[in-house]
Amino acid sequence: MKSLFLPNAQPPRTTLLLMAGGQALVLLLLWLWMPLRIFPSLGEVLRALADLITTQGLIPELWASMTTALQALGVATVLALLISYLTALPFFRPLAYAASKMRYLTLTGLTFFMALLVSSGHEVKLSVLIFATTVYLVTGMTSVMLTTTQQEMDHARTLGLGEWRSFWEVVVLGKLDDMLEVVRQNFAIIWTMITLVETLYQSEGGIGLLLYKQNRYLHLDGVLAIQLVILAAGAAQDYLFTLLRRVFFPYSELAAAR
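Residues numbered from 1 in each chain as written. Predicted model: local features only at pLDDT ≥ 70, side-chain atom pairs only at ≥ 80, totals over all residues. Heavy atoms only, no water.

Chemist: Can you tell me about the overall build of the protein, naming the residues and giving the values?
Modeler: Across its full length, the protein carries eleven helices and zero strands. Helices and strands in the protein line up, N terminus first, as α-α-α-α-α-α-α-α-α-α-α. Reported as C-alpha extents along the three principal axes, the dimensions of the protein are approximately 65 × 60 × 25 Å. Looking at the protein as a whole, 36% of its 258 residues qualify as buried. Looking at the protein alone, contacts between residues at least 24 apart form 70% of all its contacts between residues at least 6 apart. Distance from the positive charge centre (17 side chains) to the negative charge centre (16 side chains) of the protein: 6 Å. (Helix = DSSP H or I, 4+ residues; strand = E, 2+ residues; numbered from the N terminus. Buried < 20%, exposed > 50% of the residue type's maximum accessible area, 1.4 Å probe, protein only. Contact = heavy atoms within 4.5 Å. Lys, Arg positive; Asp, Glu negative; His and termini not counted. Charge placed at Lys NZ, Arg CZ, Asp CG, Glu CD.)

Chemist: Now, about the packing of aromatic side chains: what can you tell me, with residues and values included?
Modeler: Across all of its chains, the model carries three aromatic pairs by this definition. When the centroid spacing of 6.1 Å and the interplanar angle of 90° are considered together, the rings of Tyr 85 and Phe 167 count as edge-to-face. Taken together, the positions of Tyr 85 in helix α3 (residues 58-86) and Phe 167 in helix α8 (residues 163-173) put the pair 82 residues apart, joining distant regions of the chain. Owing to a relative accessible area of 13%, Phe 167 belongs among the buried residues under this scheme. Each ring, one from Phe 91 and one from Phe 92, has its centre 5.1 Å from the other, and the planes form 85°; the classification is edge-to-face. (Phe/Tyr/Trp six-rings, centres within 6.5 Å; stacked < 30°, edge-to-face > 60°.)

Chemist: Before we move on, could you go through the environment of Glu 61 and cite the residues and values that matter?
Modeler: Secondary-structure assignment places Glu 61 in helix α3. Those residues in contact with Glu 61, other than ones at most four positions away along the chain, are Gln 56, Glu 204, Gly 205, Gly 206, Ile 207 and Leu 210.

Chemist: Break down a nonpolar patch on the surface for me, citing the residues and quoting the values.
Modeler: Taken together, the side chains of Leu 25, Val 26, Leu 27, Leu 28, Leu 29, Leu 30, Leu 32, Trp 33 and Met 34 make up a nonpolar region of the molecular surface, amounting to roughly 940 Å² of accessible area. Assignment of secondary structure puts Leu 30 in helix α1 (residues 13-33). (Patch = residues over 30% accessible without salt bridge, like charges linked within 9 Å, V, L, I, M, F, W, Y side chains within 5 Å. Areas by Shrake-Rupley, 256 points an atom, 1.4 Å probe, with all protein chains shown as cover. Salt bridge = Lys/Arg side-chain N within 4 Å of Asp/Glu carboxyl O.)

Chemist: Before we move on, could you go through the nonpolar core and cite the residues and values that matter?
Modeler: Judged by nonpolar contacts, the single largest core of 58 residues is most densely connected at Trp 191, Ile 207 and Ile 226. Setting aside residues up to four positions removed in sequence, Ile 226 forms contacts with Leu 52, Leu 58, Ile 207, Leu 210, Leu 211 and Gln 214. (Core = buried A, V, L, I, M, F, W, Y, C linked by side-chain atoms within 4.5 Å.)

Chemist: For helix α2 (residues 42-55), give the residues involved together with the corresponding values.
Modeler: With 14 residues, α2 should cover 20 Å at 1.5 Å per step; its first-to-last C-alpha distance of 20 Å lies within 8% of that length. The complete set of buried residues in α2 reads Leu 42, Val 45, Ala 48 and Leu 52. Buried residues of α2 fall within an arc of 125° about the axis and therefore sit on the same side. Opposite the buried face of α2, at more than 90 degrees from it, the exposed residues are Arg 47, Thr 54 and Thr 55. Summarising the contacts, the buried residues of α2 are in contact with α1, α3, α10 (207-216) and α11 (220-248). Gly 57, located one to two residues past α2, shows a positive phi value of around 65°. (Expected span 1.5 Å × (residues − 1). Arc of directions from axis to C-beta.)

Chemist: I'd love a proper account of the confidence of the model for the protein, names of residues and values included.
Modeler: Of all residues in the protein, 94% attain a pLDDT of 70 or more, and the chain-wide mean is 86. Between the elements of the protein, mean pLDDT differs from a low of 76, seen in helix α5 (residues 107-117), to a high of 93, seen in α3. (pLDDT = per-residue confidence, 0-100.)

Chemist: Run through the pattern of salt bridges, naming residues and quoting values.
Modeler: All chains considered together, the criterion is met by ten salt bridges. Note that Glu 204 is salt-bridged to Lys 125, the shortest N-O span being 3.0 Å. Placement of the pair is Glu 204 in the loop between α9 (176-200) and α10 and Lys 125 in helix α6 (residues 121-146), with a sequence separation of 79 residues. Across the pair Glu 152 and Lys 175 runs a salt bridge, and its minimum N-O distance is 3.9 Å. Within this pair, whereas Glu 152 is found in helix α7 (residues 150-158), its partner Lys 175 is found in the loop between α8 and α9, the two being separated by 23 residues in sequence. Under the relative-accessibility criterion, Lys 175 is labelled buried at 8%. Within this structure, Asp 177, Asp 178, Glu 181, Arg 184, Asp 238 and Arg 245 form a network of salt bridges that share partners.

Here it is as structure tokens:
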């Protein structure tokens with residue numbers, strides 16, 4: 001127990017799991033027996049969740065949103081990697097700089113121009129999500145590339161590697177684990193924007209549209225139920241990305257502080 005209150009301590013995994021479970025149980029009991037007036041009770045949320053699943057198609061709507069989110073993430077990741085790696089060439093550095101600053105733009109007006117460029121509601125949703133995700137990914141990925149030290153590049157050069165081969169080995173291959181971490185951290189942006197794009201183009205439904213309808217009619221129990229579902233889905237995807245990083249890049253944890 002003492003190690004739980006020491007800086008940089010590494011208690012056993014079992015202890016951490018028991019601690020997290022105990023804290024979650026305390027919060028659940030507080031919600032059950034001492035609910036806040038502004039929040040629905042636990043029983044109301046559970047009943048709303050059951051109704052959403054059985055009569056309003058919560059699971060198919062979640063799947064529709066998840067497939068759209070994964071499509072957007074895949075395209076945005078490829079675009080962001082391409083833009084970020086091109087910054088190795090001075091000619092393309094203004095492009096990455098401009099892309100990173102575009103994260104300050106609001107999408108309310110941009111959706112109109114995107115609708116003029118593509119032909120269907122699905123493509124508009126994808127283009128909005130791809131744009132919003134790409135500009136954040138570029139910011140994170142270029143920051144990762146800037147962590148490359150002169151010592152790392154000089155070491156590659158002393159091995160007889162040319163500039164392109166050094167860049168490939170040190171920056172591209174050597175930073176893949178950090179790039180995956182950037183993707184994991186920024187995946188949440190898509191979920192925060194899913195309601196916006198799915199309410200603008202409602203033909204394909206989605207959990208964002210379902211959330212909008214619940215909020216519009218002040219079904220607060222349904223709103224909270226959907227938010228908890230999105231939170232659970234996001235946490236599961238977060239864990240999956242962390243697991244993939246451990247499996248494919250086990251060396252990534254060696255440099256972590258202990």
